[in-house]
Amino acid sequence: MSTMIRPALSLLVLMTLITGVAYPLVVTGVAQVAFPDQANGSLVRDADGKVRGSSLIAQDFVGDAWFHPRPSAGAFATVSSSASNLAPSNPALATRVIDDANKLLVPGQGPVPLALLTTSASGLDPHLPPAAITYQLARVAAARDVPVSALQQLLDAHIEQPLVGPPVVNVLELNIALEKL
């Protein structure tokens, strides 16, 4: 029996050291050298170097003077990030979407873009399609007393084209740039 236990324990200790210590240290080291920004959370800093958030996580912006992200089922909390798990047939989902659409509706601008009404799967998606930002231009321009054309130029400068998928705008980075206007 001891002839089987000793090799098994030795192999367990060896594999624990390899997969639980050596491999994570190597991966962390390579990530720090090759992708330091991403390995450290893709942090967004203001002009003073203060961390304002992560470009990977949405933040709630309250008030008419800011561009708003898509709604979050988890109140933008990373610990409770999740979808609402409400089925399309659930009346609570329909009620929430209708209420949000009525709050966001701008007369004469057409229907509210779907991205401003639906939550992302994680509840933390920081990106919106440019059309969802364009829908908010008039509200933000009025609240900040700036021309819509200036905000349109700011929007155009912040449109990102991912490797796969349609163009998107990071709302946090756009609002940080808006703060500088």
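Scroll up to find the structure this text is about.
To keep things clear, this report deals only with the structure shown in the data block. The structure displayed is predicted, hence computed values, not measured ones.

Quick word on the packing of aromatic side chains
Working step 1: Here the structure, examined in full by the defined rule, presents one aromatic pair.
Working step 2: Ring plane angle 35° and centroid distance 5.7 Å describe the contact between F61 and W66, whose orientation is recorded as tilted.
Working step 3: Above the ring of W66, the side-chain terminus of R144 is found at 4.4 Å from the ring centroid.

Quick word on unusual backbone geometry
Working step 1: Its identity is not glycine, yet D145 carries a phi of approximately 55°, on the positive side.
Working step 2: Under the relative-accessibility criterion, D145 is labelled exposed at 71%.

Some details on the nonpolar core
Working step 1: Ranked by size, the top nonpolar core spans 25 residues in total, and within it F67, L128, I133 and L151 carry the most contacts.
Working step 2: Counting residues per element, the ones that place at least two in this core are α4 (130–144), α5 (148–157) and α6 (171–179).
Working step 3: Other than its neighbours up to four places away in sequence, L151 contacts F67, L137, V140, A141, V146, L178 and L181.

Section: the environment of L151
Working step 1: By secondary structure assignment, the location of L151 is in helix α5.
Working step 2: Exposure remark for L151: the relative accessible area of 0% places this residue in the buried category.
Working step 3: It is 9.0 Å that separates the C-alpha atoms of L151 and T134, two residues lying 17 residues apart in sequence.

Comments concerning the packing of α5 against α6
Working step 1: Taken N-terminus to C-terminus, the directions of α5 and α6 make an angle of 135°; their axes are 10 Å apart at the nearest point. Between α5 and α6, the angle is such that the two are oblique. Here the hand of the crossing between α5 and α6 comes out right-handed. Judged by residue contacts, L151, L154 and L155 of α5 engage L174, A177 and L178 from α6.

Description of α6
Working step 1: With seven of nine residues buried, α6 is to be regarded as a mostly interior element.
Working step 2: V171, L172, L174, N175, I176, A177 and L178 are the residues of α6 that are buried.
Working step 3: As for α6, its buried residues are in contact with β1 (43–45), β2 (51–54), β3 (127–128), α4, α5 and β5 (168–170).
Working step 4: Residue N170 occupies the N-cap position of α6, its side-chain oxygen lying 3.1 Å from the main-chain nitrogen of L172.

Reading guide: rules and limits
Residues numbered from 1 in each chain as written. Predicted model: local features only at pLDDT ≥ 70, side-chain atom pairs only at ≥ 80, totals over all residues. Heavy atoms only, no water. Phe/Tyr/Trp six-rings, centres within 6.5 Å; stacked < 30°, edge-to-face > 60°. Lys NZ or Arg CZ within 6 Å of the ring centre and 35° of its normal. Buried < 20%, exposed > 50% of the residue type's maximum accessible area, 1.4 Å probe, protein only. Core = buried A, V, L, I, M, F, W, Y, C linked by side-chain atoms within 4.5 Å. Helix = DSSP H or I, 4+ residues; strand = E, 2+ residues; numbered from the N terminus. Contact = heavy atoms within 4.5 Å. Axes fitted to C-alpha atoms, helices over the stretch in contact; angles between N-to-C directions. Parallel < 35°, antiparallel > 145°, perpendicular 65-115°, else oblique. Left-handed = near helix turned anticlockwise from the far one by under 90°. Polar contact = N/O pair within 3.5 Å; in protein donor to acceptor, adjacent residues only side chain to side chain.

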